[in-house]
Amino acid sequence: MKPIYSRIVATGGYLPERILSNRDLEQMVETSDAWIFARTGIRSRHIAAPGEKTVDMAEAAARQALADAGLNAADLDLIIVATTTPDQIFPSTACLLQARLGNRGAPAFDIQAVCTGFIYALATADRFIRSGGARHALVVGVESMSHIVDWTDRGTCILFGDGAGAVVLSAGDQPGIISTHIHADGAYADLLQVPGGETRIAMQGNAVFRVAVRTLGEIVQETLAANALTPAEIDWLVPHQANIRIIEATADKLGLPMERVVTTVEHHGNTSAASVPLALDEAARRGCFQPRQRLLLEAFGGGFTWGSALLRWG
Ligand code: UT7
């Protein structure tokens, strides 16, 4: 029997209309545009409108990806949503999205791995497709981080933004997704969390930063080694957009020039599970990726969780 692979056939993205700039934040907490930009590379982020829900953003990104794929919602036989900020405890955001799109019967579920959520969801959908369990999967990363940010904590409120990114994965006879690698270590839970009974992010930023740089360096090496590739054979790095200094450190370890790294952090901030699919969508729409180029996606987040995906574009 011929092997089945999964392949990204379309992307979609959605960013809320309202933009919150560093200048706006200067009015809210003791900070400055210069400090934020120098330490994070962020100038602005998008914030959901009052009443705008996580599922609204997911739907916008999903509809764009479906239209680009030339598929109807009824064609989907798997829906996975990566989010840490669902509108309700249940039903899952994936089920709410399924109803919005008008798909009935496909399995639909959420994955919660914070900023690594999209990579976890992609790895899961890839396994469904490879094993013959699905032919067309919708994978969405969406976050309303503004709902769980402590707007009085200057160490965290400057970092996060809202948005959604989506991909359609379809079965094919060649990769597509070459390999995925996902990990977690719950021993680090205390460094980045919404503590039990609370609703706001608490983060030891500098400690998170250091583990993120080390761990992302390891995951990209693991991915290259698993596929016997050298960094020179990677065409694009599509990293989680948490902090430009973390992105630069990972690119540096790979010896990749920043021209081959997709960065959206300046205008998106950290949109957690939405950051990688939004970066993918933005770069794809700009025409950055050529057919069959190799892309390396990576992310790191609360848990800690981390992961990567190596794929061929188009
Ligand atoms: O998605 C994965 C999850 N999150 C991350 O990856 C975030 C990882 N961490 C970071 O990106 C960085 O640690 C931050 C951007 C959050 C902070 O940068 P840092 O270089 O690690 O700064 P720091 O926390 O060591 O703080 C340095 C100083 C402190 O003042 P003192 O103690 O030196 O007087 C902070 O109080 O900067 C101060 N500070 C600020 N100053 C102006 C912290 N936040 C701000 C601020 N404006 N917004």
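From a predicted model like this one, the values you see are computed outputs, not experimental measurements.

Caption draft 1: How the structure looks around the UniProt feature "domain: Beta-ketoacyl-[acyl-carrier-protein] synthase III N-terminal" (unreviewed entry) in the protein. With numbering matched to this structure, UniProt assigns "domain: Beta-ketoacyl-[acyl-carrier-protein] synthase III N-terminal" (unreviewed entry) to residues 109-186. For residues 109-186, the helix share is 23%, the strand share is 40%, and the end-to-end C-alpha distance is 22 Å.

Caption draft 2: Main features of the UniProt feature "active site" (unreviewed entry) in the protein. Per the UniProt record, the feature "active site" (unreviewed entry) sits at Cys115, His240 and Asn270. A compact arrangement is adopted by the annotated residues: their sequence extent is 156 residues, whereas the largest C-alpha distance between any two is 8.5 Å. Counting through the fold element by element, cysteine 115 comes out in the loop between strand 5 (108-111) and helix 5 (117-130). Apart from residues lying up to four places away in sequence, cysteine 115 is in contact with His240, Asn270, Ser272, Ala273, Ala299, Phe300 and Gly301. Looking at the secondary structure, you find histidine 240 in the loop between strand 11 (236-239) and helix 8 (244-254). When neighbours within four sequence positions are excluded, histidine 240 is seen to be in contact with Cys115, Ile247, Asn270, Ser272, Ser275, Val276, Glu298, Ala299 and Phe300. A polar contact is formed between the side chain of histidine 240 and the side chain of asparagine 270, at a distance of 3.4 Å.

Caption draft 3: Broad picture of the sheet that holds strand 11. Ordered by their spatial adjacency, four strands build an open sheet running 8-13-12-11, and the pairing between neighbours is mixed. Two strands close off the open sheet at either side, each with one partner strand: strand 8 (177-184) and strand 11. Taking each pair of neighbouring strands and ignoring which way they run, the sheet shows an average axis angle of 10 degrees. Contacting strand 8, strand 12 (294-301) and strand 13 (305-312), helix 5 crosses the sheet at an angle of about 130 degrees to strand 8. The strands touched by helix 8 are strand 11 and strand 12; relative to strand 11, the strand with the most contacts, the crossing angle is about 150 degrees.

Scoring rules and cut-offs
- Residues numbered from 1 in each chain as written.
- Predicted model: local features only at pLDDT ≥ 70, side-chain atom pairs only at ≥ 80, totals over all residues.
- Heavy atoms only, no water.
- UniProt positions renumbered as here; feature names shortened; annotations may be inferred.
- Helix = DSSP H or I, 4+ residues; strand = E, 2+ residues; numbered from the N terminus.
- Contact = heavy atoms within 4.5 Å.
- Polar contact = N/O pair within 3.5 Å; in protein donor to acceptor, adjacent residues only side chain to side chain.
- Pairing = 2+ DSSP bridges.
- Axes fitted to C-alpha atoms, helices over the stretch in contact; angles between N-to-C directions.

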